[in-house]
Amino acid sequence: MRYDTGGDLLVAVLRELGIDTVFGIVSVHNLPLVEAVDRELRFVPVRHEASAVNAADAYGRARGSIGCALTSTGTGAGNAAGSLVEALSAGASVLHVTGQVESAYLGSGRGFIHETKDQLGMLRAVSAYAATVPSAAEAGRVLREAARAALAAPGGPASVEWPVDLQYAAQTDAAIDLPEPIFTPPLGAELAAAGELLAAARRPLVWAGGGAVRAGAALSELLDASGAGLLTSNSGRGTVPEDDPRVIGNFATTPAGRALLADADLLLTVGTHFRSNETADYGLRLPAAHVQIDIDPAALGRVYPATHALCGDASDVLAALLPYAGRGSAESGWDTRIAAVRAEVRANLRDAIGPQAAICDAVRAALPREAVVARDVTIPSSSWGNRLLEMYDPRDNVFPRGGGIGQGLGMGIGAALGRPEAPTVVLAGDGGLAVHLGELLTLAQERPRLTLIVFNDGGYGVLRNMQDRYSERRSGVDLATPDFALLARACGLAYDRIAAEEHAAPVIGRAVASHGPTLVEVDLAGLGPMKNPFTPPVKIPGQ
């Protein structure tokens, strides 16, 4: 197949991958790519390269597939690096295509405009795959190898730098060559031994992480057969809908969650990497009998020892274990205990967050069952958005897994444009929103079905609470905050405000029903404080 330019080739590859929307910033070093995408697909001109990657990342997560970001060379590629770190941390499938200077000057070090030292080395450090397009004849191969790497478990971003002269050149291309999904069959004695342990369990628990999100049906069958309750990491939420009575959820480190783990006689973990913030800096104690499933062999036994380690695709391994689960039966009253813990952890959290419970309830009531909730790193997200706000599908659960602030709005825009048939809600703080305030203009320009809820406490509330608890003074946490009503008006966005519990349901209901972008400010001073100030699960040496 012959294409007039690299942009035409890129469009063909994106269509093969099912991508209809691309996020990026136009530049002299990616102009042929942007022009072709804008002509044939949808190009979304974000205001910062980091947001391009965040949006592409969330577009892929919300659709259960892959997203694409276009950036320029040098500073543009460097701006994208932080968001590539997030995609790498999350194992999110992103095809990042960045420009590069002309082939004749590449690596010459003469200061060609937009050139940077060892751009490929930088991209390799923050990507699961990185390569340079060496010729017009090989561009298609490189793009498909990148897509293959991004989609293969454990996933991550794949970066391709493309010299601009090769973008303008006519391209020759071969047919797509994406491989079958990777699967290592869990055969032999290890599977049988794990199965016998499962069959003998009378008080089993399962912990589902991000590696379980495509195995919901198999996981639900195993819960039925074994009588197990389900804990999740934040990434595993929605694998089994969270209104299911067997789902305890993302509450493992709560007192009731710890007590349940202490009484369990088997823990089966599926695709979770036991992040520090979800295990109390690895201080959480697990049952001695631990069967771990992960497609990444390096993850097996890395954080907690596993009695039996099974390497393979979660759906296939769970299906192989199902006959063993059906041979046993849970102890009488274990299901009652699971239900009691489920109710207790939710009631305790609802009590702790005080008036913010009304906002949590209003968001869930306003949204249909299938709707994306994108969350930045802010107190409402970290306290109740990541736990109490129910998720029914893992594709609806979009948040920065690496913990970086300021990524929520870009992710929300990507998710909303990836799933235009359903509303998207973004939870952000005033401090995090300020990191990429320019994306309000992207929101106004593209006009997705998105409600942006900004929790305004005049700064970095998480760190303020830490300093108030552990220090004698505050440093760097109190920030100037814009008049959000005027800001929304300047950007051409609808605006509303919540300053009391009774405002939450009508304001959020109107915003979600509007079918367009709305900025909702939550005046936290007016709303009132949480009963228990939130501090992150981070250890302070000496405290």
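## Focus: the overall build of the protein
Alright, step 1. Each helix and strand in the protein was counted, giving 21 helices and 20 strands.
Alright, step 2. Its C-alpha atoms give the protein a radius of gyration of 24 Å, near enough to 24 Å, the size a compact globule of 543 residues would have.
Alright, step 3. Across the 543 residues that make up the protein, the buried fraction comes to 57%.
Alright, step 4. Taking contacts inside the protein between residues at least 6 apart in sequence as the whole, the part at least 24 apart equals 75%.
Alright, step 5. Here the protein carries 45 positive and 59 negative side-chain charges, and the mean point of each set is 3 Å from the other.

## Comments concerning the sheet that holds strand S13 (residues 290-294)
Alright, step 1. On the basis of which strands lie adjacent, the open sheet formed by 6 strands has the order S11-S10-S9-S12-S13-S14 and parallel pairing. The sheet is open, and its two edges are formed by strand S11 (247-249) and strand S14 (308-311), each paired on a single side. Averaged over all pairs of adjacent strands, the angle between strand axes in this sheet comes to 20°, irrespective of strand direction.
Alright, step 2. In this structure, strand S10 (residues 229-232) lies alongside S11, joined through 2 bridges in parallel fashion. Its bridge partner lying in S11, Leu-230 is registered against Val-247.

## Concerning the pattern of salt bridges
Alright, step 1. In total, this model carries 30 salt bridges according to the counting rule given.
Alright, step 2. A salt bridge links Arg-474 to Asp-478; its shortest N-O distance comes to 3.5 Å.
Alright, step 3. A relative accessible area of 47% means that Asp-478 is categorised as partly exposed.
Alright, step 4. Connected through shared salt-bridge partners, Asp-457, Arg-464, Asp-468, Arg-474 and Asp-478 make up one network.

## Observations regarding the pairing of strand S20 (residues 518-523)
Alright, step 1. Within S20, 6 of the 6 residues are buried, which leaves the element mostly enclosed by the surrounding structure.
Alright, step 2. What you see with S20 is no split at all: Thr-518, Val-520 and Val-522 on one side and Leu-519, Glu-521 and Asp-523 on the other are buried throughout.
Alright, step 3. Bridging between strand S18 (residues 450-456) and S20 involves 6 bridges; their strand directions are parallel. Residue pairing for S20: Ile-453 is matched across the bridge by Val-520.

## Overview of the sheet that holds strand S4 (residues 67-71)
Alright, step 1. Within the open sheet, the 6 strands sit side by side as S3-S2-S4-S5-S7-S6. Their pairing is parallel. Each edge of the open sheet carries a strand with a single partner, namely strand S3 (42-45) and strand S6 (129-132). Each strand axis lies, on average, 20° off the axis of its neighbour in the sheet, ignoring direction.
Alright, step 2. Across 2 bridges, the pairing between strand S2 (residues 21-24) and S4 is parallel. Bridging across to S4, Gly-24 finds its partner in Leu-70.

## A look at the packing of aromatic side chains
Alright, step 1. Applying the stated criterion to the full structure yields 4 aromatic pairs.
Alright, step 2. Judged by centre distance (5.5 Å) and plane angle (75°), the ring pair of Trp-207 and Phe-274 falls under edge-to-face. Placement of the pair is Trp-207 in strand S9 (residues 204-208) and Phe-274 in the loop between strand S12 (266-270) and S13, with a sequence separation of 67 residues.
Alright, step 3. For Trp-207, a relative accessible area of 1% corresponds to the buried category.
Alright, step 4. For the pair Trp-384 and Phe-455, a centre-to-centre distance of 6.2 Å together with 75° between the ring planes defines the contact as edge-to-face. In this pair, Trp-384 is assigned in helix H14 (residues 379-385) and Phe-455 in strand S18, connecting sequence segments 71 residues apart.

## Side note on the nonpolar core
Alright, step 1. Within the largest apolar cluster, 80 residues are counted, with the highest numbers of intra-cluster contacts made by Leu-70, Trp-162 and Leu-452.
Alright, step 2. In terms of residue count, helix H3 (residues 49-63) provides more of this core than any other element does, 7 residues in total.
Alright, step 3. Counting residues in hydrophobic clusters, the runner-up holds 51 residues, among them Ala-252, Val-462, Ala-504 and Val-522.

## Looking at the environment of Asp-496
Alright, step 1. Mapped onto the elements of the fold, Asp-496 is located in strand S19 (residues 494-498).
Alright, step 2. Distance from Asp-496 to Glu-521, taken between C-alpha atoms, is 6.4 Å for residues 25 residues apart in sequence.
Alright, step 3. Of the polar contacts made by the side chain of Asp-496, one reaches the side chain of Arg-510; its length is 2.8 Å.

## With respect to the packing of helix H8 (residues 189-200) against helix H11 (residues 314-325)
The geometry of a pair of packed helices is captured by two quantities: the angle between their axes and the separation between those axes.
Alright, step 1. At a minimum axis separation of 8 Å, H8 and H11 run at an interaxial angle of 45°. Judged on the interaxial angle alone, H11 and H8 are oblique. Helix-helix and strand crossings are classified by hand; for H8 and H11 the assignment is right-handed. Across from Leu-191, Ala-192, Ala-194, Gly-195, Glu-196, Leu-198 and Ala-199 in H8, the residues of H11 making contact are Ala-320, Leu-321, Tyr-324 and Ala-325.
Alright, step 2. Of the residues contributing to the contact of H8 with H11, the split by class is 9 nonpolar, 1 polar and 1 charged.

Each value, and the rule that gives it
Residue positions are given per chain, counting from 1 as you read along its sequence in written order. Side-chain atom pairs in this predicted model are given and counted only at pLDDT of 80 or more, local residue features only at pLDDT of at least 70, and totals for whole chains, interfaces and linings cover all residues. In computing side-chain values, all of the structure's heavy atoms are included and hydrogens and water are not. To qualify as a helix, a DSSP run of H or I must reach at least 4 residues; to qualify as a strand, a run of E must reach at least 2; elements of each kind are numbered from the N terminus. Our radius of gyration is a C-alpha quantity, and the globule rule it is checked against amounts to 2.2 Å times the number of residues to the power 0.38. Relative accessibility under 20% of the residue-type maximum defines a buried residue, over 50% an exposed one, and the middle range a partly exposed one, all with a 1.4 Å probe and only protein chains included. Contacts were defined at the residue level, with two residues in contact if any of their heavy atoms lie within 4.5 Å. Under the counting rule used here, the positive set is Lys and Arg, the negative set is Asp and Glu, and His together with the chain ends is not counted. Lysine's charge is taken at NZ, arginine's at CZ, aspartate's at CG and glutamate's at CD. Only strands joined by at least two bridges in the DSSP assignment are considered to pair. Simply put, an axis is a line fit to the C-alpha atoms, just over the touching stretch for a helix, and the angle between two N-to-C directions goes from 0 to 180 degrees. What makes a salt bridge here is a side-chain nitrogen of Lys or Arg within 4 Å of a carboxyl oxygen of Asp or Glu, nothing more. Pairing of aromatic rings covers Phe, Tyr and the six-membered ring of Trp, with a centre-to-centre limit of 6.5 Å; geometry is then stacked below 30 degrees between planes, edge-to-face above 60, and tilted otherwise. The nonpolar core is taken to be a set of buried Ala, Val, Leu, Ile, Met, Phe, Trp, Tyr and Cys residues, with the residues joined through side-chain atoms within 4.5 Å. By the criterion applied in these results, polar contacts are pairs of N or O atoms within 3.5 Å in which, for protein atoms, one can donate a hydrogen and the other can accept it, and in which residues neighboring in sequence qualify only through two side-chain atoms. The scheme is simple: roughly parallel for angles under 35 degrees, roughly antiparallel for over 145, roughly perpendicular for 65 to 115, oblique for anything else. Crossings are classed by handedness, with left-handed meaning an anticlockwise turn of the near helix from the far one by less than a right angle and right-handed meaning a clockwise turn. For this classification, Asp, Glu, Lys and Arg are treated as charged, while Ala, Val, Leu, Ile, Met, Phe, Trp, Tyr, Cys and Pro are nonpolar and the rest, including Gly, are polar.

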